[in-house]
Amino acid sequence: MSESKAEQATLILGDSQYQLPIVEGSEHERAIDIRTLRDRTGYITLDPGYGNSGSCESAITFIDGEQGILRYRGIPIEQFAGSPTFTDVAWLLIFGELPTPAEYEEFSADLTRFANLDEGMKHQFEGFPRTAPPMAILSAMINALSCFHPELHELEDLTQFRHAAARLISKIRTIAAYAFRKSRGLPYIYPDPSLKYVPNFMHMMFSQPYKQYICPQLVREALNLILILHADHEQNCSTSTVRMVGSSGANLFASCAAGVCALWGPLHGGANVEVLTMLEQIHAGNMTPEEYVKLAKDKDSKVRLMGFGHRVYKNFDPRARMLASVAERLLPQLSGDDPLLEIARRLEEIALSDPYFIERKLYPNVDFYSGIILRAIGIPTNMFTVIFAIGRLPGWIAHWWEHDQTQRNKIARPRQIYVGETLRDYVPKERRG
Ligand code: ACO
């Protein structure tokens, strides 16, 4: 960040004028720095939903929503379509550079080493009913890691942080798979140290004690890419939650557990489930794509075209473009012609030529095609948002650490404009009418 000396914003309030500094990011995004506003003027700014408020300076991910650009640590998202593994990208996001071969091997070995859950933690799963939503289990069990690793509450140095990060990235996969096994009444499958990150997860999800699941290369590649594409997205709802919780000094596990809860909602990570439900409804013949789009435009219906629209992207979400092409390529090989893909294409076509969506700049987002791909590789619908959480975890960790390491950062504590009752007296029970 640099502070532009030449340019300042002038705020006029009544007879007074105030100069406010302009700050500029490395990609020339600009902000008016209002840190001293209340002290100097007595005013605050009001921005519900934070559409115009920067909460921090961050060096992790850059998005240009108008142009549909997404970069991790400067690298365009499109360049992750080929060979990188999720492990590679996780390291890049968290530590700022691509790992050297030695760093990669060590991190990868840590991810293998830490995959098991403490047996005591395994028993915690027994307390949940079979119908428990996997996202609820995921959040609870990530928080439970705080109980089993008190030594990682205070992270003294980079080495300790690296171990905590590797533990969390490794164990989230085991927790996720156990949550799924629990929902099906299936025995838990221990991680296999001979398998890499994605195949090991699929093994814990789908192997049986009497039969090993072998992860097809195609499935491995698709899931690897889905995890990479979800790995970070700057100050989205769940990441902001992680930073906010972390700003109070809460440990990494507790902060990321809160991130899972924020991600769960249908307007955020839960949208991938809603997209599939929408496609299935249309497929079941309840509605045509045309009728669904009409309903989504009707403000009285409360229906939205799920997987469309984004707070930041006012152009194509580049992740949606990449996933659309993966769906086109993979689905015929994995599951034959999927009628849901055809419905998705039709919805996209209708919406992109409809003035309602054009005027509001509503385009497909990352969730529009991810559910169709996850379904094709055998992931059940109730696990879609869990997969999103596994993918997003490196981003949460990177942001938690960035906040922790930034000395100037304070506890996150927004203000408000109070609109309730003004001063009045308490009325004892016997005098209330
Ligand atoms: N379908 C129909 N109308 C929509 C949609 C949609 N998917 N999204 C936005 N709109 C309309 C709103 O009704 C509003 O119309 P108005 O100006 O006439 O009142 C206008 O577009 C602006 O919408 P907001 O809700 O103000 O936009 P915001 O930036 O707050 O919300 C959000 C973004 C939550 C993603 C929204 O587009 C949405 O609900 N989309 C569907 C859910 C979804 O796909 N979420 C996943 C997002 S990506 C992610 O989190 C990983």
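Preceding block: the structure.
Rules used in this analysis
- Throughout this description, residue numbers start from 1 for each chain and increase along the sequence as written.
- Totals for whole chains, interfaces and linings use all residues, but because this is a predicted model, local features are given only for residues with pLDDT of at least 70 and pairs of side-chain atoms are given and counted only at 80 or more.
- To obtain the side-chain values, all non-hydrogen atoms of the structure were included, while hydrogens and water were left out.
- Each helix is a run of DSSP H or I of at least 4 residues and each strand a run of E of at least 2, with the numbering of both proceeding from the N terminus.
- Each radius of gyration reported is based on C-alpha atoms, and the globular scaling rule is 2.2 Å times the count of residues to the power 0.38.
- Only protein chains enter the calculation, and the probe is 1.4 Å; a residue is then buried if its accessible area is under 20% of its type maximum, exposed if over 50%, and partly exposed in between.
- Where accessible areas are quoted, they stem from the Shrake-Rupley method and a 1.4 Å probe; at the residue level, only the protein chains shown are allowed to cover.
- A pair of strands is labelled paired if DSSP reports no fewer than 2 bridges between them.
- Cavity and pocket criteria rest on a 1 Å grid covering protein atoms alone: a 1.4 Å probe that fits but cannot get out defines a cavity, protein on both sides within 12 Å along at least 5 of 7 lines defines an open pocket, and an atom within 4 Å of a point defines a lining residue.
- Grid points are joined across faces, edges and corners, and a volume is the space filled by probe spheres set on the points.
- Residue type decides the class: Asp, Glu, Lys and Arg count as charged, Ala, Val, Leu, Ile, Met, Phe, Trp, Tyr, Cys and Pro as nonpolar, and the leftover types, Gly among them, as polar.
- Definition of nearness: a residue and a molecule or strand are near each other if at least one heavy atom of the residue lies within 4 Å of the molecule or strand.
- Two N or O atoms form a polar contact when they lie within 3.5 Å of each other; inside protein one atom must be a possible hydrogen donor and the other a possible acceptor, and for residues adjacent in sequence the pair counts only when both atoms belong to side chains.
- Only C-alpha atoms enter the line fits that serve as axes; for helices the fit covers just the stretch in contact. Angles between N-to-C directions range over 0 to 180 degrees.
- In this scheme the crossing of two helices becomes right-handed for a clockwise turn of the near helix relative to the far one and left-handed for an anticlockwise turn of less than a right angle.
- Whether two residues touch is decided by their heavy atoms; if any such pair falls within 4.5 Å, the residues are in contact.
- Each residue after the first adds 1.5 Å to the expected span of a helix.
- This arc is taken over the directions from the axis of the helix to the C-beta atoms.
- Here a salt bridge means any side-chain nitrogen of Lys or Arg lying within 4 Å of a carboxyl oxygen belonging to Asp or Glu.

J.: Looking at this structure, I do not really get the overall build of the protein chain. What am I missing?
T.: A count of helices and strands for the protein chain gives 17 helices and six strands. Relative to a compact globule of 433 residues, whose C-alpha radius of gyration would be 22 Å, the protein chain shows 24 Å and is just as compact. When its C-alpha atoms are laid out on the principal axes, the protein chain stretches across 80 × 65 × 55 Å. The buried share of the protein chain, reckoned over its 433 residues, is 49%. By element, 51% of the accessible surface of the protein chain is carried by carbon and sulfur atoms, the whole surface being about 22000 Å².

J.: Is there a simple way to think about the pairing of strand β2 (residues 16-24) in this case?
T.: Every other side chain in a regular strand lies on the same face of the sheet, so the side chains alternate between the two faces. By the bridge criterion, three bridges tie β2 to strand β3 (residues 30-32) in an arrangement that is antiparallel. Bridge pairing in β3 places Glu-24 opposite Arg-30. In sequence, β2 turns back onto β3 through a hairpin of five residues, with His-28 there showing a positive phi of about 65°.

J.: Just checking my understanding: could you explain unusual backbone geometry for this structure?
T.: In most cases, non-glycine residues show a negative phi, while peptide bonds are predominantly trans. The phi dihedral of His-28 falls on the positive side, at around 65°, and the residue is not glycine. Topologically, His-28 is positioned in the loop between β2 and β3. In this structure, Lys-302 is a non-glycine residue whose phi angle is positive, near 60°. Position of Lys-302 among the secondary structure elements: in the loop between α12 (289-297) and α13 (318-335). Using a relative accessible area of 78% as the deciding quantity, one classes Lys-302 as exposed.

J.: How should the layout of surface pockets be read in this particular structure?
T.: Unoccupied space between atoms shows up once a probe the size of one water molecule is rolled over them. In this structure, the second largest pocket spans a volume of roughly 440 Å³. Lining of the second largest pocket is provided by 29 residues; of these, Pro-84, Thr-85, Phe-86, Arg-220 and Asn-224 occupy positions nearest its centre. When contributions to the lining of the second largest pocket are tallied by element, the ones reaching two or more residues are α2 (86-95), α3 (101-113), α7 (197-206), α8 (217-229) and α13. Taken together, the residues of the lining of the second largest pocket break down into 15 nonpolar, nine polar and five charged.

J.: Help me understand empty space enclosed by the protein, please; the structure alone is not making it clear to me.
T.: Counted under the stated rule, the structure contains one cavity of 30 Å³ or more. Estimates place the volume of the largest cavity at around 40 Å³. Considering the residues around the largest cavity, the lining is formed by Tyr-197, Val-198, Phe-201, Leu-223, Leu-227 and Ile-390. Secondary-structure elements contributing two or more residues to the lining of the largest cavity are α7 and α8. With three residues, α7 is the largest single contributor of residues to the lining of the largest cavity.

J.: How should the site of the ligand be read in this particular structure?
T.: Residues in contact with the ligand amount to 20 residues; listed here are only the nearest, Lys-299, Arg-304, Leu-305, Gly-307 and Tyr-356. Between a nitrogen atom of the ligand and a main-chain N or O atom of Leu-305, the distance comes to 2.8 Å. Here Gly-307 contributes a backbone N or O atom positioned 2.9 Å from an oxygen atom of the ligand. Partitioning the shell around the ligand into residue classes produces ten nonpolar, five polar and five charged.

J.: Help me out: how do you make sense of α2 in this one?
T.: Since the α-helix turns once every 3.6 residues, residues separated by three or four places project in the same direction. Where burial is concerned, most of α2 is hidden: nine out of the ten residues are buried. Buried within α2 we find Phe-86, Thr-87, Asp-88, Val-89, Ala-90, Trp-91, Leu-92, Leu-93 and Ile-94. Following α2 by one or two positions, Gly-96 adopts a phi angle in the positive range, close to 95°.

J.: Help me understand the packing of helix α9 (residues 237-247) against helix α17 (residues 384-405) in this model?
T.: Helix-helix packing is described using two parameters, namely the angle between the two axes and the distance between the axes. It is at 9 Å that the axes of α9 and α17 come closest, and there the two elements cross at 35°. Crossing geometry of α9 relative to α17 is assigned as right-handed. On α17, the residues touching Ser-238, Thr-239, Val-242, Arg-243, Gly-246 and Ser-247 of α9 are Arg-392, Trp-396, His-399, Trp-400, Glu-402 and His-403. Residue classes in the contact of α9 with α17 are distributed as three nonpolar, six polar and three charged.

J.: It is not clear to me how helix α11 (residues 271-283) should be interpreted in this structure. Could you clarify?
T.: Taking 1.5 Å of rise per residue, 13 residues should cover 18 Å, and α11 covers 18 Å from first to last C-alpha, within 8% of that figure. Residues of α11 that are buried include every one of Ala-271, Asn-272, Val-275, Leu-276, Met-278, Leu-279 and Ile-282, and no others. Around the axis of α11, the buried residues are gathered within 155° of arc, so they sit on the same side. Against the buried residues of α11 lie α12, α14 (339-352), α16 (367-376) and α17.

J.: Teacher, can you tell me more about the pattern of salt bridges here?
T.: It is possible for side chains bearing opposite charge to pair when their charged atoms get close. Within the structure shown, the criterion is met by 18 salt bridges. For Arg-30, the salt bridge is made with Glu-7, and the minimal N-O distance between the two is 3.0 Å. A residue pair is termed long-range when its members are at least 10 positions apart, and Arg-30 in strand β3 and Glu-7 in strand β1 (residues 2-13) qualify at 23 residues. Of the residues examined, Arg-30 reaches a relative accessible area of 52% and is grouped as exposed. Judged by its relative accessible area of 35%, Glu-7 is partly exposed. Ionic pairing is found between Arg-345 and Glu-328, a salt bridge with its closest N-O pair at 2.8 Å. Remark: Glu-328 occurs in helix α13 and Arg-345 occurs in helix α14; sequence separation between them is 17 residues. With relative accessibility at 30%, the residue Arg-345 sits in the partly exposed group. Owing to a relative accessible area of 38%, Glu-328 belongs among the partly exposed residues under this scheme.

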